[in-house]
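# Structural overview
Here is how the chains run, residue by residue.
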Amino acid sequence: MIGSLRDYLKRRLVPSTVIATSRRRGPARWRMRCRQWLGQPLRVELYFAFDDPYAAIAVPGLARLCSARKVELRLYPLLQRGIADDPAADARALHALQDATRLSRRGGHTGLLRSEPVTADAVAFLAHWCEALAMPADRLRFASAALEALWCDGRSGLQREAFAQLHRQLTGQLPASGDAQGAALARNAQRLRQRGHWESPAACLAGEWFFAHERLAQIAQRLDQYRVGAQV
Amino acid sequence: MSHHHGPASATVEFFFSFRSPYSYLAAARAFALPQQYDIELVWRGVRPMAMRGQPLPLAKQLYILRDAAREADALDLPFGPMYDPIGEGVWRCLCVAEYAAEHDRLAAWVITAATAIWGRGVDVRRDDAFVELCRTAGLDSAACLMAIERSDYRERVECNTARLAELGHWGVPTFAFDGELYWGQDRIVDLEHALREAGHLRGASASPRRRVSA
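Everything numeric here is computed off the predicted structure, so don't read it as measured data. (Residues numbered from 1 in each chain as written. Chains lettered and ligands numbered in written order. Predicted model: local features only at pLDDT ≥ 70, side-chain atom pairs only at ≥ 80, totals over all residues. Heavy atoms only, no water.)

## As for the overall build of chain B
Counting its regular elements, chain B contains eight helices and five strands. Mapped in sequence order, the helices and strands of chain B form the string β-α-β-α-α-α-α-α-α-β-β-α-β. For 214 residues, the compact-globule estimate of 2.2 N^0.38 gives 17 Å, and chain B sits close to it at 16 Å. Its C-alpha atoms give chain B principal-axis dimensions of roughly 45 × 40 × 35 Å. For chain B, the proportion of its 214 residues judged to be buried stands at 57%. When the accessible surface of chain B is summed, it comes to about 8,400 Å², and 52% of that surface belongs to carbon and sulfur atoms. Measuring between centres, the 24 positive side-chain charges of chain B sit 1 Å from its 28 negative side-chain charges. (Helix = DSSP H or I, 4+ residues; strand = E, 2+ residues; numbered from the N terminus. Rg over C-alpha atoms; globule rule 2.2 N^0.38 Å. Buried < 20%, exposed > 50% of the residue type's maximum accessible area, 1.4 Å probe, protein only. Areas by Shrake-Rupley, 256 points an atom, 1.4 Å probe, with all protein chains shown as cover. Lys, Arg positive; Asp, Glu negative; His and termini not counted. Charge placed at Lys NZ, Arg CZ, Asp CG, Glu CD.)

Shown next as structure tokens:
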């Protein structure tokens, strides 16, 4: 009897309730309306990793989308992401390259030119430099350009000096020295997990998660719903 | 109808799990592909990730349910209440899929069973509900109850699961065409682009033929 009840809860009631509650947008719409009444802009948080080719689609795509709607975009670079001890991790990395190329082309771009996955360690310095930028606009400019250079520019290798030059051009400052942002980057990963996600590129809008590289249209639609709601 | 041979040049392999909501969302469009493109769609029903050692943390389970609900709404497909068929429910559906493929009712069965699981909350482990689904799909319910015991059907499922791993993939729904893999119900558009690029779009005068095999 207890086993049957547990089975019913686990197989039907809990997942069906999760589905049903996910469709209730009223509380989120109310929170967004309150933010706007208080003069606070709508905000999208994006958690991303430089070693993730999907980030090369998500960051510029979300930046365009938020800029067009005057929505604040906060970037949280990650060093740690994914599922611990995932046996499919290597296959995922390979597939992401091919899939991200197709997504990029579908969006009217040239596609990714890098043909091999990049390790998190190899590009950790980019996450440190990005996290060290205090101004959100600088952070966004650098992240977009670095991801473009890393994944979409066939001429770019992984040399620090090339990215440091990019950093100077875009922000007018030298990149942060060393790996001083380790604690802040760990907090980003912790914040991602505590808020209910595990992977890059994850966008959070009013508590709702989206894989940003493949759900840009849905994020735009949700933003428009919230803005329409606020004007009523 | 072919059984578990390697794909010919104009085949699309369709890897599907009854426990995957995204597989459910892909099913109708997948089975419609041979009407629009000159291809053979090869059915590959596989064991769910959770029944082949792939970790599925809670955050991912929740995300999948919520995202699939959004996508189902966009596709105007029923989603929720659901009943997780993991275990024997999955095996029943997979074995009957193999039987249905032999009787030209594969699409009807897959869509009927998946809609019941993900859109109506039907427990496919219950004989009464299961028999009703078989009838709805135009299948002989007594034969279906025998099919779920057939070891050769289970072996086919194991072969399909091994085939997915051999291709270097882990998730569903996945389509394999011309050496490339398309993972996700929202990647059918990319698959269709590749099919058009490869010249497989049917002409307006082409005669529709049944082109689904197991």
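## Some points on the packing of aromatic side chains
Inspection of every chain in the model, using the stated rule, returns 22 aromatic pairs over all chains. With 4.7 Å between their ring centres and 15° between their planes, Tyr-47 of chain A and Tyr-76 of chain A make a pair best called stacked. On the criterion of sequence distance, the pair formed by Tyr-47 of chain A in strand S1 (residues 43-48) and Tyr-76 of chain A in strand S2 (residues 72-77) is long-range, its members being 29 residues apart. An identical accessibility class is assigned to Tyr-47 of chain A and Tyr-76 of chain A; each is buried. Look at Phe-125 of chain A and Phe-163 of chain A: their rings are 6.0 Å apart centre to centre, the planes differ by 65°, and that puts the pair in the edge-to-face class. Of this pair, Phe-125 of chain A sits in helix H5 (residues 124-132) while Phe-163 of chain A sits in helix H7 (residues 160-171), and the two are 38 residues apart along the sequence. By the burial criterion, Phe-125 of chain A is buried, and Phe-163 of chain A matches it. Taken together, the aromatic side chains of Phe-14, Phe-16, Phe-18, Phe-31, Trp-43 and Phe-175 of chain B make up a single cluster linked through ring pairs. The ring of Tyr-182 of chain B carries Arg-102 of chain A above its face, with NZ or CZ at 3.9 Å from the centroid. (Phe/Tyr/Trp six-rings, centres within 6.5 Å; stacked < 30°, edge-to-face > 60°. Lys NZ or Arg CZ within 6 Å of the ring centre and 35° of its normal.)

## With respect to the interface of chain A and chain B
A common way to report how large an interface is uses the accessible area buried once the components associate. Tallying the contact residues gives 35 residues for chain A and 40 residues for chain B. Together, the buried faces of chain A and chain B total about 3,200 Å²; carbon and sulfur atoms form 51% of this surface. On the surface where chain A and chain B come into contact, there are 10 salt bridges. The closest approach of N and O atoms between Arg-187 of chain B and Asp-99 of chain A, which form a salt bridge, is 2.7 Å. (Contact = heavy atoms within 4.5 Å. Buried area = accessible area lost by both parts, 1.4 Å probe. Salt bridge = Lys/Arg side-chain N within 4 Å of Asp/Glu carboxyl O.)

## Side note on the sheet that holds strand S1 (residues 11-16) of chain B
Residues and elements named next belong to chain B. Strand order in the open sheet formed by five strands is S4-S3-S1-S2-S5, with mixed pairing between adjacent strands. With partners counted over all chains shown, the strands left at the sheet margins are strand S4 (180-183) and strand S5 (212-213), one partner each. Strand direction decides the pairing type here: strand S2 (residues 40-45) and S5, joined by two bridges, are parallel. Directly across from Val-42, in S5, lies its bridge partner Ser-213. Here helix H7 (residues 151-166) sits on the sheet in contact with S1, S2 and strand S3 (174-177), set at roughly 105° to S2. (Pairing = 2+ DSSP bridges. Axes fitted to C-alpha atoms, helices over the stretch in contact; angles between N-to-C directions.)

The values reported here are purely geometric and, on their own, carry no functional implication.
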